[in-house]
Amino acid sequence: MRSADLTTAARIRDAAIELFGEQGFDVGVRAIAAAAGVSPGLVNHHFGSKDGLRAACDDRVLEIIRDQKLRTIQAPGPTALLTAMAEIETFAPLMAYLMRSFQAGGALAESLLEHMISDAEQYLQTAVDEGKVKPSRDHAARARYIVLCHVGAMNLYLQLRMHRDGKLDYRKVIRDLSDETTFPALELYTQGLLTDSTMLDTLFEE
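*Asks:* So, the packing of aromatic side chains: which residues are in play, and what are the values?
*Replies:* One pair of aromatic rings is described through two measures. These are the centre distance and the angle between the planes. Counting across every chain of the model gives three aromatic pairs. Judged by centre distance (4.8 Å) and plane angle (45°), the ring pair of Phe 20 and Phe 25 falls under tilted. Classification of Phe 20 as buried rests on a relative accessible area of 0%. Between Phe 20 and Tyr 97 the ring centres are 6.4 Å apart and the planes differ by 50°, which places this aromatic pair in the tilted class. Taken as a pair, Phe 20 in helix H1 (residues 8-23) and Tyr 97 in helix H6 (residues 92-104) lie far apart in primary sequence, 77 residues in all.

Next comes the structure, spelled out in structure tokens:
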């Protein structure tokens, strides 16, 4: 998942995303520097601290997810979605990074989640504006629910696979998860689940 941006800071950041995903956040600065082909001093020079580096990794992961969502939403027809599905293995390092972050918990994980939800509000609104998604009675609540469901499902799936298989092949796991969930998710989002709006109308009026 190395970026085409070959600046020193970008090489360090991309190497850190991969190592944090593979090994967790206990991985040392020296290992990250070695993977990026730089000295440990340059890591601190560019990011100040390991937390500073992790914040930069969060920003990059969020940027990639947001850009991919917007490209899919704004592209005509289903081509962008089909292309993303065909290339889903390339997102394996991001999946691993997100899992490690939410497992670690703490303020940085909470901040990452809140930024994911905020980004979801924006690209869902874009989808509404494009006429591809129905408006919501509570746009912010819907975005939060969707992100929580997807993040929760991903982490549960990964945890169970890790318990069963030990070390994960994230490329295979993300493909398996996509194969299992894409059709039912699209069906649910497209056709809905309930036959009438009675429960929603009653709840919304309270």
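*Asks:* Now, about a nonpolar patch on the surface: what can you tell me, with residues and values included?
*Replies:* Taken together, the side chains of Leu 188, Tyr 189, Leu 193, Leu 194 and Met 199 define a hydrophobic patch exposed on the protein surface, amounting to about 600 Å² of accessible area. For Tyr 189, the position within the fold is in helix H9 (residues 170-191).

*Asks:* I'd like to hear about the pattern of salt bridges, residue by residue, with values.
*Replies:* When the charged atoms of two side chains lie near each other, side chains of opposite charge can form a pair. This structure, assessed with the given rule, holds eleven salt bridges. As a salt-bridge pair, Glu 89 and Arg 175 come within 2.9 Å of each other at their nearest N and O atoms. Within this pair, whereas Glu 89 is found in the loop between helix H5 (79-86) and H6, its partner Arg 175 is found in helix H9, the two being separated by 86 residues in sequence. Owing to a relative accessible area of 18%, Glu 89 belongs among the buried residues under this scheme.

*Asks:* Residue-level account of the environment of Asp 119, with values.
*Replies:* Topologically, Asp 119 is positioned in helix H7 (residues 106-129). Taking the C-alpha atoms as reference points, Asp 119 and Pro 76, 43 residues apart in sequence, are found 21 Å from one another. When near neighbours in sequence (up to four residues on either side) are disregarded, Asp 119 contacts Leu 62 and Arg 66.

*Asks:* Account for the nonpolar core, naming residues and giving values.
*Replies:* One recurring pattern in soluble globular proteins is that nonpolar side chains are buried together. Of all hydrophobic cores here, the largest spans 48 residues; its most connected members are Ile 12, Phe 20, Ile 32, Leu 53 and Leu 158. Counting residues per element, the ones that place at least two in this core are H1, helix H2 (29-36), helix H3 (40-47), helix H4 (50-74), H6, H7, helix H8 (139-165) and H9. Among all residues touching Leu 53, those that are not within four sequence positions of it are Ile 12, Arg 13, Ala 16, Phe 20, Ile 32, Val 43 and Phe 47.

Conventions we followed
- Residues numbered from 1 in each chain as written.
- Predicted model: local features only at pLDDT ≥ 70, side-chain atom pairs only at ≥ 80, totals over all residues.
- Heavy atoms only, no water.
- Phe/Tyr/Trp six-rings, centres within 6.5 Å; stacked < 30°, edge-to-face > 60°.
- Buried < 20%, exposed > 50% of the residue type's maximum accessible area, 1.4 Å probe, protein only.
- Helix = DSSP H or I, 4+ residues; strand = E, 2+ residues; numbered from the N terminus.
- Patch = residues over 30% accessible without salt bridge, like charges linked within 9 Å, V, L, I, M, F, W, Y side chains within 5 Å.
- Areas by Shrake-Rupley, 256 points an atom, 1.4 Å probe, with all protein chains shown as cover.
- Salt bridge = Lys/Arg side-chain N within 4 Å of Asp/Glu carboxyl O.
- Contact = heavy atoms within 4.5 Å.
- Core = buried A, V, L, I, M, F, W, Y, C linked by side-chain atoms within 4.5 Å.

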